[in-house]
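One letter stands for each residue in the lines below.
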Amino acid sequence: MEPDRAAQRAATESETFPQELADALVRIQRLIRRRLRGGLSVPRLRGAEVELLRLVESRPGIGVSDAAKALHLAGNSVSTLVNQLVRGGYLLRETDPADRRAARLQLTAAAEKRLGDWKRRRAELVGRHVSRLDDTDREALRAALPALRKLAAGLHEEAEEA
């Protein structure tokens, strides 16, 4: 290949790579979500509801405004999610002893069970499909994890600054 063509091809590939990566990540997430919905005997939770439950699991006692900041959502949106999850029996809203006007969020036993089941099913689904890949592809995915984590951290930091 001529040097000019090689440089042109490399430039085109570097321009399309971010879009291809974003498309692949979104497609994988969407397919995982769809597959996990199948076979549920309880009403499905929306993505934002699961994100809020996972946040409360990792940060028990978090307040609504801190949850909104962590999820990059409007406070009233998180309040609506909290109300739905309280009604559904997945969240407890407890009064903050330091500020009686503020609420602290805790998971219920039902939420812990549901999240545990969701994590187990997700790990089984992804594990089953990863095991079908050849050794080279599995190793490529394993090797990409640190870079993907750095990408996620950078996106999170940028969102925090905005």
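Presented here is a report on the structure given in the accompanying data block. (Residues numbered from 1 in each chain as written. Predicted model: local features only at pLDDT ≥ 70, side-chain atom pairs only at ≥ 80, totals over all residues. Heavy atoms only, no water.)

A closer look at the overall build of the protein chain
Alright, step 1. Helix and strand counts for the protein chain come out as six helices and two strands.
Alright, step 2. Start at the N end of the protein chain and walk to the C end: the helices and strands fall as α-α-α-α-β-β-α-α.
Alright, step 3. Scaling as 2.2 N^0.38, a compact globule of 162 residues should have a C-alpha radius of gyration of about 15 Å, whereas the protein chain reaches 20 Å, well beyond that.
Alright, step 4. Dimensions along the principal axes, computed over C-alpha positions, put the protein chain at roughly 70 × 40 × 20 Å.
Alright, step 5. Within the protein chain, the fraction of its 162 residues that count as buried is 20%.
Alright, step 6. In the protein chain, 55% of the contacts between residues at least 6 apart in sequence involve partners at least 24 apart.
Alright, step 7. For the protein chain, the exposed area adds up to about 11,700 Å²; of that, 53% sits on carbon and sulfur atoms.
Alright, step 8. Where the 30 positive side-chain charges of the protein chain centre and where its 24 negative ones centre are 9 Å apart. (Helix = DSSP H or I, 4+ residues; strand = E, 2+ residues; numbered from the N terminus. Rg over C-alpha atoms; globule rule 2.2 N^0.38 Å. Buried < 20%, exposed > 50% of the residue type's maximum accessible area, 1.4 Å probe, protein only. Contact = heavy atoms within 4.5 Å. Areas by Shrake-Rupley, 256 points an atom, 1.4 Å probe, with all protein chains shown as cover. Lys, Arg positive; Asp, Glu negative; His and termini not counted. Charge placed at Lys NZ, Arg CZ, Asp CG, Glu CD.)

Some words on the side chain of arginine 114
Alright, step 1. With respect to the helices and strands, arginine 114 occurs in helix 5 (residues 109-131).
Alright, step 2. Of the buried charged residues, arginine 114 lacks a salt bridge, with aspartate 117 as the closest side chain of opposite charge at 6.4 Å.
Alright, step 3. When sequence neighbours within four positions are dropped, the list of residues in contact with arginine 114 reads Leu40, Val42, Pro43, Arg44, Leu45 and Tyr90. (Salt bridge = Lys/Arg side-chain N within 4 Å of Asp/Glu carboxyl O.)

Considering the nonpolar core
Alright, step 1. Within the largest apolar cluster, 25 residues are counted, with the highest numbers of intra-cluster contacts made by Leu52, Leu53 and Leu91.
Alright, step 2. The element that contributes the greatest number of residues to this core is helix 2 (residues 47-58), accounting for five residues.
Alright, step 3. When near neighbours in sequence (up to four residues on either side) are disregarded, leucine 91 contacts Leu52, Leu53, Val56, Val82, Leu85, Val86, Gln106, Leu107 and Thr108. (Core = buried A, V, L, I, M, F, W, Y, C linked by side-chain atoms within 4.5 Å.)

Let's talk about the side chain of threonine 108
Alright, step 1. Among the secondary structure elements, threonine 108 is positioned in the loop between strand 2 (99-107) and helix 5.
Alright, step 2. Excluding residues that lie within four positions of it along the chain, threonine 108 makes contacts with Gly89, Tyr90, Leu91 and Leu92.

Quick word on a nonpolar patch on the surface
Alright, step 1. Taken together, the side chains of Leu25, Leu145, Leu148, Leu151 and Leu155 define a hydrophobic patch exposed on the protein surface, amounting to about 390 Å² of accessible area.
Alright, step 2. Take the nonpolar patch: its biggest share by element is four residues, from helix 6 (residues 135-161).
Alright, step 3. Assignment of secondary structure puts leucine 148 in helix 6. (Patch = residues over 30% accessible without salt bridge, like charges linked within 9 Å, V, L, I, M, F, W, Y side chains within 5 Å.)

Don't take any of this as a statement about function, it's just geometry.
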